[in-house]
Amino acid sequence: MTVNEEIATRLRRAWRIPTGVRLATAAVLVAPGWFAAPLAATAQGRDGFYFRGDFGDSDALTMRASIKGLDLPTRCDRLLHPDPAMVPRDPVCAGFGSGVFATVRFDRGAETMTSATALAVGYSRGRIRLEAELNNTALGGTSAPLLDAGPLAGETEQEWSAVEPPSARVSGLTLSDVFLNVHLDFDNSSRFTPFVGVGGGLSTVVLAFEGLRVRRTLANGFAPAGGVDPATDTVIPTWQIRAAGTADYMSLLLAESTLGANLIGGVAWETNERFSIALRGRYARYRDVRKPGHWELLRSHAPVLQDGGRPAAFDLMLGDIAYYAVTVSLVYGF
């Protein structure tokens, strides 16, 4: 090989290396353009800020509640005995501790008027939309059985009236949210655009809670643990006579902050370049909330554990708070 041929061969090899690098670099630079072109096409006329207002309805009120506190057996209630010294000295009365004594599950749906409204400001870029939302959902009220729990569940279930069994009720339930949401619009050739979204933030739960337990009368066989059967000729203890037909009643107003999250889906119809109407579905769920309270009545007497004693208190814990809503959205682009 001559000197000139060797120089030419080296030049050809040197050209192949930078050429391959240049081709690979070009592919990297051009490829995003292939994907960006359809995105830019779908985003035409829709990029920018927008305002959204929702109105609609909500339902599927589901929530569980547990009530924790000191719920003494009836025979241990000092105020039912003429002489406090007559209170039984057994270990149950002497060492009874605090715990969950009742539970309730609200799963019947709302019994009163409900609504769902929202205001949001968002920014759209391509098929992605980010928005800040103020959401208010009124879930009305509903009732459910109040179930015994804890160590007294076995004996107290025989105390309650069959005509008016223990029940709990929530009313005025409202959920107010400050959410940040992200949406994904699905590209298509029509004026209808399906979308999905997810988001969450800070929420406030507001409601009124009531619980009522009514005991049987002696004529209906009120015979609590430690008492006697009224149908016999046995002398009935004074505490049992006093407890027959009495009621326990609690009420509590709750307004507590918690965290919430929602899943969103729907379809939007673009009426023109700036205005669109959407049918929007939402499923929202919230973290547990807790609120302390006091009995209003305890066996129809003052809600104290003994004469001059501390008030009969309890803690209300609410969990599994969830609902769904369907709304019509009016969206205006700036």
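Residues numbered from 1 in each chain as written. Predicted model: local features only at pLDDT ≥ 70, side-chain atom pairs only at ≥ 80, totals over all residues. Heavy atoms only, no water.

**Quick notes on the overall build of the chain**
Looking only at helices and strands, the chain features four helices and 11 strands. Here the chain holds 334 residues, and 38% of them are scored as buried. Across the chain, every contact between residues at least 6 apart in sequence was considered, and the portion connecting residues at least 24 apart equals 79%. Counting only carbon and sulfur atoms, one obtains 63% of the accessible surface of the chain, whose full area is about 17600 Å². (Helix = DSSP H or I, 4+ residues; strand = E, 2+ residues; numbered from the N terminus. Buried < 20%, exposed > 50% of the residue type's maximum accessible area, 1.4 Å probe, protein only. Contact = heavy atoms within 4.5 Å. Areas by Shrake-Rupley, 256 points an atom, 1.4 Å probe, with all protein chains shown as cover.)

**Here's the deal with the nonpolar core**
With 40 residues, the main nonpolar core has Ile67, Phe106, Leu207, Phe209 and Leu318 as its most contacted residues. Element by element, the count of residues in this core is highest for strand β11 (residues 313-333), at six residues. Grouped together as the second largest cluster of nonpolar side chains are five residues, Leu80, Phe222, Ala243 and Ala244 included. (Core = buried A, V, L, I, M, F, W, Y, C linked by side-chain atoms within 4.5 Å.)

**What to know about the confidence of the model for the chain**
In low-pLDDT regions, the fine details of the predicted coordinates are not to be read closely. When pLDDT is averaged across the chain, the result is 84; 84% of the residues are at 70 or more. Here residues 2-45 is modelled with pLDDT under 50, and outside its nearest four sequence neighbours on either side it reaches nine contacts, counting other chains as well. (pLDDT = per-residue confidence, 0-100.)

**Looking at the environment of phenylalanine 55**
Along the chain, phenylalanine 55 turns up in strand β1 (residues 48-69). Phenylalanine 55 sits 274 residues away from serine 329 along the chain, and the two C-alpha atoms are 6.8 Å apart. Those residues in contact with phenylalanine 55 that sit more than four places away from it in its chain are Ala116, Thr117, Thr327, Val328 and Leu330.

**Thoughts on the pattern of salt bridges**
The final tally for this structure, using the stated rule, is 20 salt bridges. Here glutamate 131 ties to arginine 280 by a salt bridge, and the two come within 3.4 Å at their closest N and O atoms. Here arginine 280 lies in strand β9 (residues 275-286) and glutamate 131 lies in strand β4 (residues 128-145), a separation of 149 residues in the sequence. Look at arginine 280 and you get buried, because its relative accessible area is 3%. Here lysine 291 and glutamate 256 are joined by a salt bridge, their closest N and O atoms 3.7 Å apart. One end of the pair, lysine 291, is in strand β10 (residues 289-297); the other, glutamate 256, is in strand β8 (residues 247-270), with 35 residues separating them in the sequence. Residue classification places lysine 291 among the partly exposed residues on the basis of a relative accessible area of 24%. When salt bridges that share partners are traced, they join Arg52, Asp54, Glu131, Glu133, Arg280 and Arg282 into one network. (Salt bridge = Lys/Arg side-chain N within 4 Å of Asp/Glu carboxyl O.)

**A look at the environment of serine 58**
Mapped onto the fold, serine 58 is located in strand β1. Of the residues examined, serine 58 reaches a relative accessible area of 2% and is grouped as buried. For the pair serine 58 and leucine 139, spaced 81 residues apart in sequence, the C-alpha to C-alpha distance is 6.7 Å. Engagement of the side chain of serine 58 in a polar contact is seen with the backbone oxygen of serine 115, the distance being 3.3 Å. (Polar contact = N/O pair within 3.5 Å; in protein donor to acceptor, adjacent residues only side chain to side chain.)

**Here's the deal with the pairing of β8**
Where strand β7 (residues 192-214) lies against β8, 23 bridges are found, and the strand directions are antiparallel. Within the sheet, the bridge partner assigned to phenylalanine 209 lies in β8 and is leucine 252. Summarising the sheet, β8 and β9 pair through 11 bridges and their orientation is antiparallel. Paired with glycine 265 across the two strands is glycine 281, which belongs to β9. The antiparallel pairing of β8 with β9 creates a hairpin that spans four residues between the two strands. (Pairing = 2+ DSSP bridges.)

**With respect to unusual backbone geometry**
One non-glycine residue, serine 300, lies in the positive phi region at around 65°. Its location among the elements puts serine 300 in the loop between β10 and β11. Take serine 300: its relative accessible area is 41%, and that puts it in the partly exposed class. Positive phi, normally seen in glycine, also occurs at aspartate 320, with a value near 55°. Tracing the sequence through the fold places aspartate 320 in strand β11.

**So, the side chain of threonine 114**
Mapped onto the elements, threonine 114 comes out in the loop between β2 (99-106) and β3 (115-125). Its relative accessible area of 14% is what places threonine 114 among the buried residues. Side-chain polar atoms of threonine 114 contact the side chain of aspartate 57, separated by 2.4 Å. At a separation of 2.6 Å, a polar atom in the side chain of threonine 114 contacts the main-chain carbonyl oxygen of serine 58. If sequence neighbours within four positions are ignored, threonine 114 has contacts with Asp57, Ser58, Ala138, Leu139 and Gly140.

**Some words on the packing of aromatic side chains**
Here a ring pair, both rings aromatic, is described through the centre-centre distance and the interplanar angle of the planes. Summed over the entire model, instances satisfying the criterion amount to six aromatic pairs. Between phenylalanine 192 and tryptophan 269 the ring centres are 6.3 Å apart and the planes differ by 20°, which places this aromatic pair in the stacked class. Within this pair, whereas phenylalanine 192 is found in strand β7, its partner tryptophan 269 is found in strand β8, the two being separated by 77 residues in sequence. Residue tryptophan 269 is classed as partly exposed on the basis of its relative accessible area of 35%. Chaining the aromatic ring pairs together yields one cluster made of Phe101, Trp295 and Phe314. Its end group placed over the ring of phenylalanine 195, arginine 129 keeps NZ or CZ at 5.3 Å from the ring centre. (Phe/Tyr/Trp six-rings, centres within 6.5 Å; stacked < 30°, edge-to-face > 60°. Lys NZ or Arg CZ within 6 Å of the ring centre and 35° of its normal.)

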